[in-house]
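Chain residues, written in single-letter form:
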Amino acid sequence: MSTASLSAPINSALRRVPSWVIYLAGLIPLAWVIWLTLTGGIGVDPVKAIEHRLGKIALWFLIGGLAITPARRFLGLNLIRYRRAIGLLAFFYIALHLTAWAVLDMGMLWGQAAADLIKRPYLFLGISGFVLLIPLALTSNNASIRKMGRNWRRLHWLVYPAVGLGVMHYLWQMKVISIEGWLWLAVFSLLMALRFCPRSA
Ligand code: HEM
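A quick note: this is a predicted structure, and the numbers were derived from the prediction, not measured.

S.K.: How do you make sense of the coordination of the iron atom of the ligand when you look at a structure like this?
M.R.: Four donors placed tetrahedrally about a metal ideally form angles of 109.5 degrees, and six donors placed octahedrally ideally form angles of 90 or 180 degrees. Distances from the iron atom of the ligand to its protein donors, His97 (NE2) and His169 (NE2), fall within 2.0 Å. Coordination at the iron atom of the ligand is octahedral, judged from the six donor atoms that bind it and the angles of 84 to 179° they form at the metal. With His97 in helix α5 (residues 83–105) and His169 in helix α10 (residues 159–173), this pair connects stretches of sequence that are 72 residues apart.

Structure, rendered in structure tokens:
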């Protein structure tokens, strides 16, 4: 059985799924984190756990977003119309992750936040990834796509260094890279290789 015959029914089923369903489904992990926090199931160090969970959810969405083009090219799976939703959800979770650090962890004490940035330099990598994603989030609307034309595509190449910085930030904060960390790195590297391998290959 070819990938085309497998992907065709999935693509036709997906055509009936509007984008708002993806936005709504994308909020389920947040609801889960809130539920765990309110019911005391988040763990002994809630601030750290909230921070970590939000970071991990953001990573899932970032990597999921990167998988969309290779999924179409190699599996015939067409998820392109959900790319904006997945990208914006990733950005939303990174913004929450950053807010959790600034508000819950640092208590909005900016001197302490600055000291934390110096103590944990991998935070700079995360912040840099987030900063690169800001113009992408701001121009993810139809008006910007129309107005910017080819420049929009050029600008959106920033997603690759942004995710790369996010992955490096994640690995570095581990100190000793776990199997899970190596797996994330392997998936990111594979997606990059698939994305940039020449068409004739
Ligand atoms: C592309 C953007 C980012 C991604 C993908 C990302 C992802 C992650 C992930 C996956 C973790 C570890 C979660 C776990 O071990 O379960 C983490 C930890 C963390 N991130 Fe981010 N992050 C990003 C940006 C940021 C930003 C902007 C900040 C704000 C300063 C930040 C602050 C932190 C902190 C404080 C930790 C915990 C580190 C520790 O416990 O030592 N991250 N991040």
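S.K.: Hey, could you run me through the packing of helix α3 (residues 28–39) against helix α4 (residues 46–75) in this one?
M.R.: To describe two helices that pack against each other, one gives the angle between their axes and the distance between the axes. Viewed as axis vectors pointing N to C, α3 and α4 meet at an angle of 170°, and their least axial separation amounts to 11 Å. By the angle class used here, α3 and α4 are roughly antiparallel. In this structure, α3 contributes Pro29, Leu30, Trp32, Val33, Leu36 and Thr37 to the contact, and α4 contributes Ile50, Arg53, Leu54 and Ile57. Across the contact of α3 with α4, the residue classes break down as eight nonpolar, one polar and one charged.

S.K.: It is not clear to me how α5 should be interpreted in this structure. Could you clarify?
M.R.: Counting along an α-helix, one turn takes 3.6 residues, and residues three or four places apart therefore face a common direction. Helix length check: α5, at 23 residues, gives a terminal C-alpha distance of 32 Å against a target of 33 Å (1.5 Å per residue), a fit within 8%. Looking only at α5, the buried set comprises Ala85, Ile86, Leu89, Ala90, Phe91, Tyr93, Ile94, Ala100, Trp101 and Ala102. One or two steps after α5, the chain reaches Gly107, where phi turns positive at roughly 60°.

S.K.: Sorry if this is basic, but what is going on with the site of the ligand here?
M.R.: Lining the immediate environment of the ligand, one finds 21 residues, of which Lys48, His52, His97, Tyr122 and His169 sit closest. Within the side chain of His97, a nitrogen or oxygen atom sits 2.7 Å from a nitrogen atom of the ligand. Contacts to the ligand include Tyr122, whose side-chain N or O atom sits 2.7 Å from an oxygen atom. Of all elements in the fold, only α4, α5, α7 (122–138) and α10 reach the threshold of two or more residues within the shell around the ligand. Among the elements that line the shell around the ligand, the one with the most residues is α4, at seven residues.

S.K.: Help me understand a nonpolar patch on the surface, please; the structure alone is not making it clear to me.
M.R.: There is a patch of nonpolar side chains on the surface, built from Trp20, Tyr23, Leu24, Leu27 and Phe92 and spanning about 500 Å² of accessible area. With three residues, helix α2 (residues 19–26) is the single largest residue contributor to the nonpolar patch. Relative to the assigned elements, Leu24 resides in helix α2.

S.K.: Can you walk me through the UniProt feature "domain: Ferric oxidoreductase" (unreviewed entry) in the chain in this structure?
M.R.: UniProt feature "domain: Ferric oxidoreductase" (unreviewed entry): in the numbering of this structure it lies at residues 68–166. In this annotation, residues 68–166 is assigned 80% helix and 0% strand; the end-to-end C-alpha distance for the span is 18 Å.

S.K.: Would you mind going over α10 with me for this structure?
M.R.: Compared with an ideal rise of 1.5 Å per residue, which puts 15 residues at 21 Å, α10 spans 21 Å between its outermost C-alpha atoms and is within 8% of the ideal. Among the 15 residues of α10, 11 are classified as buried, and the element is accordingly described as predominantly covered. Of the surrounding elements, those touching the buried residues of α10 are α4, α5, α7 and α11 (179–196).

Thresholds, definitions, all that
- Residue numbers restart at each chain and count upward from 1, following the sequence in its written direction.
- It should be noted that, the model being predicted, local features are given only for residues of pLDDT at least 70 and side-chain atom pairs only at 80 or more, the latter also being counted only at that level, while totals for whole chains, interfaces and linings use all residues.
- Excluded from the side-chain calculations are hydrogens and water; all other atoms, namely the structure's heavy atoms, are used.
- Any nitrogen, oxygen or sulfur atom within 2.8 Å of a metal ion counts as a donor, with the limit raised to 3.2 Å for Na, K and Ca, and since water is left out, coordination shells can look unfinished.
- Any coordination sphere not matching a tetrahedral pattern (four donors, all angles between 85 and 135 degrees) or a square planar or octahedral pattern (four or six donors, opposite donors over 155 degrees apart, other angles between 65 and 115) is reported as irregular.
- To qualify as a helix, a DSSP run of H or I must reach at least 4 residues; to qualify as a strand, a run of E must reach at least 2; elements of each kind are numbered from the N terminus.
- A fitted line through C-alpha atoms serves as each axis, taken over the contacting stretch for helices, and the angle formed by two N-to-C directions is quoted from 0 to 180°.
- Geometric relationships in this document are graded by angle, where less than 35 degrees denotes roughly parallel, more than 145 denotes roughly antiparallel, 65 to 115 denotes roughly perpendicular, and other angles denote oblique.
- The contact rule is simple, with two residues in contact once any of their heavy atoms fall within 4.5 Å.
- In the scheme used here, Gly and all other residues not listed as nonpolar or charged are polar, with Ala, Val, Leu, Ile, Met, Phe, Trp, Tyr, Cys and Pro taken as nonpolar and Asp, Glu, Lys and Arg as charged.
- In this analysis, the expected span of each helix is defined as 1.5 Å times one less than the number of residues it contains.
- Accessible area is worked out with a 1.4 Å probe on protein chains only. A residue is then buried under 20% of its type maximum, exposed over 50%, and partly exposed in between.
- Note on definitions. A residue lies near a molecule or strand when any single heavy atom of the residue is within 4 Å of it.
- Counted as a polar contact is a pair of N or O atoms within 3.5 Å, where, for protein atoms, one must be capable of donating a hydrogen and the other of accepting one, and residues adjacent in sequence contribute only when both atoms are in side chains.
- Exposure above 30% relative accessible area and no salt bridge define the residues that can form patches, which grow by joining like charges within 9 Å and nonpolar side chains of Val, Leu, Ile, Met, Phe, Trp and Tyr within 5 Å.
- Each accessible area is a Shrake-Rupley estimate made with a 1.4 Å probe; only the visible protein chains count as cover when residues are assessed.
- Every case where a carboxyl oxygen of Asp or Glu lies within 4 Å of a side-chain nitrogen of Lys or Arg is listed as a salt bridge.
- UniProt positions are given in the numbering used here, feature names are shortened, and annotations may be inferred rather than shown by experiment.

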